[in-house]
Amino acid sequence: MVYQLNNVSVHYANQVALQNVSCTIQEGKWISVIGQTGAGKSTFVKVLKGLLPSVDGDYWIDQEPIPRDAKGQLKVVPDIGYVFQYPEHQCFETSVYKELAFAPKLHGYSQQQITKSIEKILPQVGLSEELLPLAPFQLSGGQLRRVAIASVLMMDPKLLILDEPTAGLDPVSRTALLQLLKHWQQQDNRTILFVSHQMNDVAEYSDEVMVFHEGYLRGHYATSTLFLEQTQLLAKLGLSLPEPVQLLKLVEELSGQKIKVASCREQDIIDKVWPIWHTRSC
Ligand SMILES: Nc1ncnc2c1ncn2[C@@H]1O[C@H](COP(=O)(O)OP(=O)(O)OP(=O)(O)O)[C@@H](O)[C@H]1O
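Residue positions are given per chain, counting from 1 as you read along its sequence in written order. The predicted origin of the model limits local features to residues at a pLDDT of at least 70 and limits the giving and counting of side-chain atom pairs to 80 or more, whereas totals for whole chains, interfaces and linings rest on all residues. Based on all heavy atoms of the structure, the side-chain values leave hydrogens and waters out of the count.

As named in an unreviewed UniProt entry, the protein is Cobalt transporter ATP-binding subunit, taken from Paenibacillus crassostreae. UniProt positions are given in the numbering used here, feature names are shortened, and annotations may be inferred rather than shown by experiment. For the protein, the Sequence similarities (unreviewed entry) comment in UniProt is given as "Belongs to the ABC transporter superfamily." Under the UniProt heading Subcellular location (unreviewed entry), the entry covering the protein gives this text: "Cell membrane".

The next point concerns the site of the ligand. The full set close to the ligand counts 13 residues, and Gly38, Lys41, Ser42, Thr43 and His197 are the nearest of them. Interatomic distance of 2.7 Å between a side-chain N/O atom of Lys41 and an oxygen atom of the ligand. Under the rule applied, a polar contact is a pair of N or O atoms within 3.5 Å (in protein, one hydrogen donor and one hydrogen acceptor; residues adjacent in sequence only if both atoms are side-chain atoms). Interatomic distance of 2.5 Å between a side-chain N/O atom of Thr43 and an oxygen atom of the ligand. Summarising the interface, the protein chains cover 63% of the accessible area of the ligand, which totals 630 Å² for the free molecule. Mapped by element, the contributors of at least two residues to the shell around the ligand are β2 (15-25) and α1 (41-49). Comment: elements are numbered from the N terminus, with helices defined as DSSP H or I runs of at least four residues and strands as E runs of at least two. With 3 residues, α1 is the largest single contributor of residues to the shell around the ligand. For this scheme, ten residues count as nonpolar: Ala, Val, Leu, Ile, Met, Phe, Trp, Tyr, Cys and Pro. Four count as charged, namely Asp, Glu, Lys and Arg, and the remainder, Gly too, count as polar. In terms of residue class, the shell around the ligand is made up of 3 nonpolar, 8 polar and 2 charged. Only heavy atoms are used to decide nearness, and a residue is near a molecule or strand if one of them lies within 4 Å of it. Each accessible area value is a Shrake-Rupley result obtained with a 1.4 Å probe; residue values ignore everything except the protein chains displayed when judging cover.

Summarising the sheet, strand β1 (residues 3-12) and β2 pair through 7 bridges and their orientation is antiparallel. What sits directly across from His11, in β2, is Val16. A pair of strands is treated as paired once DSSP finds two or more bridges between them. The antiparallel hairpin formed by β1 and β2 contains 2 residues in its connecting segment, where Ala13 sits at a positive phi of about 50 degrees.

See below:
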């Protein structure tokens with residue numbers, strides 16, 4: 001599926017949150033959405049899900065305008081999965097099982113279909129069946145976040161929106177969750193829109209990055225192009241470089257040579273930087 005916005009703007013009372021945003025989201029990609037606090041990232045992803053009824057501009061999915069009600073307000077797009085920034089805002093059932101079964105029941109899935117989906121999804125998000133009878137408040141923050149993601153995956157969305165899904169997780173849980181999500185995205189050519197302030201994660205997992213600033217979309221780049229070639233833009237917008245890229249720049253400066261890397265991913269940078277550092281040629 002292809003999602004297209006043309007000249008989309010959003011106002012909250014007197015505040016302009018999104019200004020004339022035009023973009024195309026192609027399927028099968030991990031696309032990160034970055035920008036400083038208040039840049040318009042959450043507003044942008046809410047527009048895609050159809051959570052903000054009052055939106056100026058055009059929105060098409062596969063070249064079809066998305067439905068509006070009689071007052072011209074956008075409707076929620078059911079095929080898009082949306083995981084909220086705070087899982088406690090999303091999980092309201094009395095057990096993990098009920099949480100996972102909630103949306104499928106609403107859509108008329110049989111008990112057998114629900115059980116089959118739960119058996120498939122739990123390992124995909126790294127959760128054990130032993131958690132099914134527990135109440136959400138009995139879970140750790142990381143487990144609750146996985147339940148929130150699992151409940152959205154139960155409806156098998158082609159596009160999954162994650163608004164800062166790793167906030168508050170320790171580094172090991174964060175890496176585990178991101179790897180699970182990457183695996184899910186790469187199966188079946190799915191799409192992830194990942195709102196994040198964590199530049200290391202953005203550099204490591206994304207295919208593309210959209211950069212927001214003061215409500216404007218300032219660029220939509222291949223990840224390595226952004227972090228290796230658009231460093232002045234990032235500095236101007238007050239956004240930091242991922243740590244591996246900072247290391248690359250430091251070694252380039254000390255050695256006085258330009259180092260060609262395959263991508264901005266950590267391992268690709270280490271592979272090139274380590275031999276130069278090791279031979280003390282910088
Ligand atoms: N419900 C609302 N009512 C009024 N103003 C809002 C509302 N939601 C967001 N805004 C304003 O719109 C602008 C964009 O907010 P948005 O939440 O999209 O930014 P963001 O880039 O996601 O920020 P953060 O990284 O802090 O989550 C901000 O100035 C914010 O204060």
